[in-house]
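Observations on chain architecture
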Amino acid sequence: ILKILEHSKSEYVSVEALAKHFNISESTIRRELKRLSERHKVLRVHGGAKAINFSGTYTFERIDKEYMERENSEVELKKEVAKLAVSHLKSSSIVYMDASTTVASMISFIPKDKNIKFVTNSPTLAKKLTENKLPCYVTCGECKLTTNALIGPYALEFLDKFNFSTGFFGTNGIHSQAKFTTPDPEECAIKMKAISRCYDVFILATSSKLDNIASCTFADFVRPTLIIDKIDEKYHSIIKNVETVSK
């Protein structure tokens, strides 16, 4: 089984395929996968198993790109993802938006009659929200210039005062083993803190983030809902909640 996974381009193999390959019952395969999983040799997922390693094709992203560079890339795709995300806003709620250019793309589509208050750790998003007549609070903290995000202990302390009905987050990478990742440990801490204060969590991304890995994991594949333009089949089996623009 481990050899088959090692040579699988998708790093995934189904119970059905393994049963046919070894000419044994699917229940026997499931027991074997359970044994391998308990020994941390494979990752059990719905219908099969995945390799526990960073094999296969992926891109490692160690450093954040400048905000303006990110803001000007994949503009139309981000708008489509943003429109879908806006459909999850509820009236009279308090919503967290992190310092993501995809999350920022939501602002021009947000209705002004829903009586929503916003909280963000991005001075840029705060400016866009107020320009669109949408009330917002801004965390305090040190401003990281590359991503235009407020970080550090003051920002973490500020977030502890809130309970968010919904939170929207960006991600630098989506990978089967590394999950949702970001390059900076301090930004990772802010994302994790904000997520812990949210009832519903949405992560917004374009498909260019698939098979990317950044230094720090801030969320798993169980709790958040991923909103994305399109997604590879291999991720459908391991990310619990996915919404795509292209149906």
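Residues numbered from 1 in each chain as written. Predicted model: local features only at pLDDT ≥ 70, side-chain atom pairs only at ≥ 80, totals over all residues. Heavy atoms only, no water.

**Regarding the packing of aromatic side chains**
Counted by the stated rule, this structure contains eight aromatic pairs. Summarising the aromatic geometry, the rings of Tyr96 and Phe169 are spaced 5.5 Å apart at their centres and angled 35 degrees between planes, so their arrangement reads as tilted. One end of the pair, Tyr96, is in strand E5 (residues 94-97); the other, Phe169, is in strand E10 (residues 164-170), and 73 residues separate them in sequence. Tyr96 sits in the buried class, given a relative accessible area of 0%. Summarising the aromatic geometry, the rings of Tyr137 and Phe162 are spaced 5.8 Å apart at their centres and angled 55 degrees between planes, so their arrangement reads as tilted. In this pair, Tyr137 sits in strand E7 (residues 136-138) while Phe162 sits in the loop between helix H8 (153-159) and E10, placing the two residues 25 residues apart along the sequence. What makes Tyr137 partly exposed here is its relative accessible area of 38%. Connected via pairs of aromatic rings, a cluster forms that spans Tyr96, Tyr137, Phe158, Phe162, Phe164 and Phe169. Between Lys179 and the ring centre of Phe221, over which it is positioned, the NZ or CZ distance is 5.5 Å. (Phe/Tyr/Trp six-rings, centres within 6.5 Å; stacked < 30°, edge-to-face > 60°. Helix = DSSP H or I, 4+ residues; strand = E, 2+ residues; numbered from the N terminus. Buried < 20%, exposed > 50% of the residue type's maximum accessible area, 1.4 Å probe, protein only. Lys NZ or Arg CZ within 6 Å of the ring centre and 35° of its normal.)

**Concerning the pattern of salt bridges**
Applying the stated criterion to the full structure yields twelve salt bridges. Asp160 serves as the salt-bridge partner of Lys193, at 3.1 Å between the closest nitrogen and oxygen. Here Lys193, found in helix H9 (residues 185-196), pairs with Asp160, found in the loop between H8 and E10; they are 33 residues apart in sequence, far enough to count as distant. Classification of Lys193 as partly exposed rests on a relative accessible area of 23%. Sharing partners across several salt bridges, the network here consists of Lys144, Asp184 and Glu187. (Salt bridge = Lys/Arg side-chain N within 4 Å of Asp/Glu carboxyl O.)

**Structural notes on the packing of helix H2 (residues 15-22) against helix H3 (residues 26-38)**
Between H2 and H3, the shortest axis-to-axis distance is 9 Å and the interhelical angle comes to 110 degrees. Our classification of the angle between H2 and H3 gives roughly perpendicular. Viewed along their axes, H2 and H3 form a crossing whose handedness is right-handed. Every residue of H3 that contacts H2 at Val15, Glu16, Leu18, Ala19 and Phe22 is listed here: Glu26, Ile29, Arg30 and Leu33. In terms of residue class, the contact of H2 with H3 is made up of six nonpolar, no polar and three charged. (Axes fitted to C-alpha atoms, helices over the stretch in contact; angles between N-to-C directions. Parallel < 35°, antiparallel > 145°, perpendicular 65-115°, else oblique. Left-handed = near helix turned anticlockwise from the far one by under 90°. Contact = heavy atoms within 4.5 Å. Nonpolar A, V, L, I, M, F, W, Y, C, P; charged D, E, K, R; others polar.)

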